[in-house]
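Tertiary structure, described
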Amino acid sequence: MSAVQLLTVSEDEGEQRLDRWLKRRFPQITQGAIEKMCRTGQIRVDGGRAKASDRVAPGETIRVPPLPETEAPVRAQVAGISAADAKMIQDAVIWKDEHIIVLNKPPGLPSQGGSGQGDRHVDGLTEALKFGYKDRPKLVHRLDKDTSGILLLARTDRIARALSESLRHRAARKIYWAVVAGVPNPRRGSIKFYLEKAPGRGRGGEGEKMLCVHPAKAKEHPEAKRSQTDYFTLWFLGTRLSWMALEPVTGRTHQLRAHMAEIGHPILGDGKYGGSEADNAGDGWGAAIGGGISRKMHLHARSMTVEHPITKAQVTFTAPLPEHMARTWEILDWKVTDVPADPFTTIR
């Protein structure tokens, strides 16, 4: 059960019925429960008793009694979304309030539809993430299909604009975890290759691949964009594999994947950029690593720190590892508690 809460009706919530306001905040409580709590005086508005049908206004304080923490059961069908998909995307929620929803996006699920992405993607499943709100939440940024981890959604257009502005002006900090081939030398530093799209489209998806350009040659490549990735080696297995923390200072397409491959340490399971040799039977970096190690890409958006658009407080969201990466950690005896949450604070 939660504790007693005193909540203020925000400006963007406008005037609405008390029961509807409560359901938006607490989708797990039923209409009958709301009416009972109003009758018994457990729910109060500005200290006074209220009916479920009373209208609340911005600035009013609502007393909410202890509530069960379980979520409302998933409906069998949500606007054409299967019960299994609705449950999957709702289970991915690791934080929500009246302004923001934070997902731990599963690997293999695209953020949005597009060429080769199919019909099943996060944006197409947001109807199941309304939780009593009138409108579907909006994606604020994207992750590659095979990258898991923190994905922000805004519950209103106003919040979407504010969060997009924060990301555009680099007011948000993201830290990714990855497993890469070999051990970088030096073990911490910055990669500053410019990035440009490869020409052509071919069977190998060349048109979707990014090419690295040395800063000294940037003037010869007018389409190339300045890019920077800070990296920190958290742990390593001999000379075979390393557990990396990666911070994208800029946010270019495939930036982390292309940058790590360019310095000779592609991300494990990344076939596009050369990290798919985990079962290499020869003397390459992948020799003797196969076994239980998944061939899926080992890149995870571990955490994000951003200013909350309403409270203005700095909030940090952290996403647990997906199943295939957690299994790799177990096989290699790596412990998430043995490394700092933000290693980059030690080098700034």
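Just above, that's the structure.
Here we summarise the structure given alongside this text. (Residues numbered from 1 in each chain as written. Predicted model: local features only at pLDDT ≥ 70, side-chain atom pairs only at ≥ 80, totals over all residues. Heavy atoms only, no water.)

Before going further, it helps to spend a moment on the overall build of the protein. Counting secondary structure elements, the protein contains six helices and 18 strands. When the 348 residues of the protein are sorted by exposure, 47% land in the buried category. Contacts in the protein between residues far apart in sequence, at least 24 positions, make up 64% of those at least 6 positions apart. A total of about 17,600 Å² of accessible surface is found on the protein, and carbon and sulfur atoms cover 48% of it. (Helix = DSSP H or I, 4+ residues; strand = E, 2+ residues; numbered from the N terminus. Buried < 20%, exposed > 50% of the residue type's maximum accessible area, 1.4 Å probe, protein only. Contact = heavy atoms within 4.5 Å. Areas by Shrake-Rupley, 256 points an atom, 1.4 Å probe, with all protein chains shown as cover.)

Counting 52 residues, the largest nonpolar core has Ile89, Leu103, Leu129, Leu152, Leu163, Leu246 and Leu299 as its most contacted members. Tallying contributions element by element places strand E10 (residues 148–154) first for this core, with five residues. Setting aside residues no more than four positions away along its own chain, Leu163 makes contact with Ile100, Val140, Leu152, Ala154, Val306, Glu307 and Pro309. Grouped together as the second largest cluster of nonpolar side chains are 18 residues, Trp21, Leu22, Ile43 and Leu67 included. (Core = buried A, V, L, I, M, F, W, Y, C linked by side-chain atoms within 4.5 Å.)

Moving on, we get to the packing of aromatic side chains. This structure, assessed with the given rule, holds seven aromatic pairs. On the numbers, 5.1 Å between centres and 80° between planes, the contact of Trp177 with Trp243 is edge-to-face. Taken together, the residues span a long stretch of sequence, with Trp177 in strand E11 (residues 173–181) and Trp243 in strand E16 (residues 241–248) at a distance of 66 residues. Both residues of the pair, Trp177 and Trp243, count as buried. Here the aromatic rings of Trp243 and Trp334 are separated by 5.5 Å at their centres, their planes lie at 25°, and the arrangement is stacked. Residue Trp243 is located in strand E16, and its partner Trp334 is located in the segment after helix H6 (323–332); the two are separated by 91 residues in the primary sequence. The same class applies to Trp243 as to Trp334, namely buried. Among the aromatic residues, those joined into a ring-pair cluster are Trp177, Trp243, Trp329 and Trp334. The ring of Phe131 carries the charged tip of Lys96 above its face, separated from the ring centre by 4.8 Å. (Phe/Tyr/Trp six-rings, centres within 6.5 Å; stacked < 30°, edge-to-face > 60°. Lys NZ or Arg CZ within 6 Å of the ring centre and 35° of its normal.)

In this section: the pattern of salt bridges. This structure, assessed with the given rule, holds 14 salt bridges. The salt bridge involving Asp85 is made with Arg120; its shortest N-O contact spans 2.9 Å. One end of the pair, Asp85, is in helix H3 (residues 83–91); the other, Arg120, is in the loop between strand E8 (100–105) and strand E9 (138–139), with 35 residues separating them in the sequence. Taking relative accessible area as the criterion, Asp85 reaches 16% and is therefore assigned buried. Arg120 gets classed as partly exposed once you look at its relative accessible area, which sits at 42%. With a shortest N-O distance of 2.6 Å, Arg173 and Asp342 are connected by a salt bridge. Highlighted residues: Arg173 in strand E11 and Asp342 in the segment after H6, separated in sequence by 169 residues. (Salt bridge = Lys/Arg side-chain N within 4 Å of Asp/Glu carboxyl O.)

Here we come to the pairing of E11. Most of E11 sits out of view: seven of its nine residues are buried. Sheet topology note: the E11/strand E17 (residues 299–307) ladder contains six bridges and is antiparallel. Across the sheet, residue Ile175 finds its bridge partner in E17, namely Ser303. Pairing geometry for E11 and E16, over six bridges, is antiparallel. In the sheet register, Trp177 faces E16, and the bridge partner there is Ala245. (Pairing = 2+ DSSP bridges.)

Right, let's get into unusual backbone geometry. Cis geometry marks the peptide bond from Asn185 to Pro186, where omega comes out at 5°. Mapped onto the elements, Pro186 comes out in the loop between E11 and strand E12 (188–191). Here Asp333, not a glycine, exhibits a phi torsion of approximately 60°, which is positive. Secondary-structure assignment places Asp333 in the segment after H6.

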